[in-house]
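Each chain, letter by letter, is given below.
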Amino acid sequence: TAFVQQAIDFDPGNLPLRMQLFDIAYQQRDAEALSEAQKGILDVVGSKEDGNYVLSEVKRRLITYKGKQEPRRGLEEAVSLLDDALELRPRWHELHILYGQLLLTLGRDIELALEHFDDALDYGPPNPRAVALQVKLLSDSGLKKQALERAELLPEEYRTELLGTSEADLLMAKGDVEGAF
């Protein structure tokens, strides 16, 4: 974090560094650091309608909701933020991943969440955690063949870690009893 902050001090208008600082705070689930990093993003992009800001805002709301600091209403509003951002940048895979995660957190349309995860794969590189989530959803929905296809997108050395018991269930469904154990 200190290295990224030093780089930002040297180049305050560097958006990728600002986003990286935000992502570090996101991974640490640090609400205060998220807000500070988000202010820096806004300083660079200049508008709360900018996709980068929207991405950070929805992530911040998800983290603070899970930490019981954000009301459900804030997540409901985040759906509209993502709708607007996707109108401007319909092929931004990260927005699609976030939309799918948001829908699942809200307990909404699983099929729509899966569509957003598919769109993310169409428009960008596979995000291992998002793919693992998609695999589990597909498997739980009885769509084992699709789940197996998505599982193949995950690096083999991390598949078990990311999928847990879902991998064994899929291998059993495929008839690979030995692989499942």
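Refer to the structure above for everything that follows.
So, here is what we can say about the structure in this document. What you see is a predicted model; the values in this text were computed from it and never measured.

**A short note on the layout of surface pockets**
A volume near 700 Å³ is recorded for the largest pocket. Lining the largest pocket we find 25 residues, and of these Tyr26, Ile97, Gln101, Asn127 and Arg129 sit closest to its centre. Within the residue set of the lining of the largest pocket, elements represented by two or more residues are helix 2 (15–28), helix 4 (51–66), helix 6 (93–105), helix 8 (128–140) and helix 10 (156–163). At six residues, the largest contribution of residues to the lining of the largest pocket is made by helix 6. When its residues are assigned to classes, the lining of the largest pocket shows 12 nonpolar, five polar and eight charged.

**So, unusual backbone geometry**
In this structure, Arg29 takes a positive phi of about 55° despite not being glycine. For Arg29, the location among the structural elements is in the loop between helix 2 and helix 3 (31–45). For Arg29, a relative accessible area of 54% gives the class exposed.

**Quick notes on the nonpolar core**
Of all hydrophobic cores here, the largest spans 50 residues; its most connected members are Val58, Leu82, Leu95, Leu102 and Val135. Of all the elements, helix 2 adds the most residues to this core, at eight residues. Here Leu95 is in contact with Gly51, Leu55, Leu82, Ala85, Leu86 and Arg89, once residues within four sequence places are set aside.

**Observations regarding the pattern of salt bridges**
Oppositely charged side chains can form a pair if their charged atoms are brought close together. A complete count under the given rule lists eight salt bridges for this structure. Of the charged contacts in the structure, one is a salt bridge between Arg72 and Glu76, with a shortest N-O distance of 3.5 Å. Separated by four residues within a single helix, Arg72 and Glu76 lie in helix 5 (residues 72–88), roughly one turn from each other. Residue classification places Arg72 among the partly exposed positions, given a relative accessible area of 37%. Judged by its relative accessible area of 27%, Glu76 is partly exposed. A salt bridge links Glu76 to Arg108; its shortest N-O distance comes to 2.2 Å. Here the residue Glu76 occupies a position in helix 5, and Arg108 occupies one in the loop between helix 6 and helix 7 (110–123), the gap between them amounting to 32 residues. A single network of salt bridges, built from pairs that share partners, joins Glu57, Arg60, Arg61 and Glu77.

**Some remarks on the packing of aromatic side chains**
Tallying each qualifying case throughout the model produces zero aromatic pairs. Geometry around Tyr26 places Arg29 over its ring, the cationic atom sitting 5.9 Å from the centre. In this structure, Lys59 packs its charged tip against the face of Tyr26, placed 5.2 Å from the ring centre.

**Here's the deal with helix 10**
Inspection of helix 10 places Arg159, Leu162 and Leu163 among the buried residues, and these make up the whole buried set. Down the axis of helix 10, the sector holding all buried residues measures 85°, keeping them to one side. Exposed positions of helix 10 whose direction lies more than 90 degrees from the buried face are Glu157, Thr160 and Glu161. Turning to helix 10, the residues buried within the fold contact helix 8, helix 9 (144–151) and helix 11 (165–174). Positive phi appears at Gly164, one or two residues downstream of helix 10, with a value of about 60°.

**Thoughts on the packing of helix 7 against helix 8**
Where helix 7 meets helix 8, the closest approach of the two axes is 10 Å, and the angle between their N-to-C directions is 140°. Between helix 7 and helix 8, the angle is such that the two are oblique. For the pair helix 7 and helix 8, the crossing hand works out as left-handed. Contacts from Ile110, Leu114, Phe117, Asp118 and Leu121 in helix 7 reach Ala130, Val131, Leu133, Gln134, Leu137 and Leu138 in helix 8. Partitioning the contact of helix 7 with helix 8 into residue classes produces nine nonpolar, one polar and one charged.

About the criteria used
Residues numbered from 1 in each chain as written. Predicted model: local features only at pLDDT ≥ 70, side-chain atom pairs only at ≥ 80, totals over all residues. Heavy atoms only, no water. 1 Å grid on protein atoms, 1.4 Å probe; cavity = no way out; pocket = protein on both sides within 12 Å on 5 of 7 lines; lining within 4 Å. Points joined across faces, edges and corners; volume = space filled by probe spheres on them. Helix = DSSP H or I, 4+ residues; strand = E, 2+ residues; numbered from the N terminus. Nonpolar A, V, L, I, M, F, W, Y, C, P; charged D, E, K, R; others polar. Buried < 20%, exposed > 50% of the residue type's maximum accessible area, 1.4 Å probe, protein only. Core = buried A, V, L, I, M, F, W, Y, C linked by side-chain atoms within 4.5 Å. Contact = heavy atoms within 4.5 Å. Salt bridge = Lys/Arg side-chain N within 4 Å of Asp/Glu carboxyl O. Phe/Tyr/Trp six-rings, centres within 6.5 Å; stacked < 30°, edge-to-face > 60°. Lys NZ or Arg CZ within 6 Å of the ring centre and 35° of its normal. Arc of directions from axis to C-beta. Axes fitted to C-alpha atoms, helices over the stretch in contact; angles between N-to-C directions. Parallel < 35°, antiparallel > 145°, perpendicular 65-115°, else oblique. Left-handed = near helix turned anticlockwise from the far one by under 90°.

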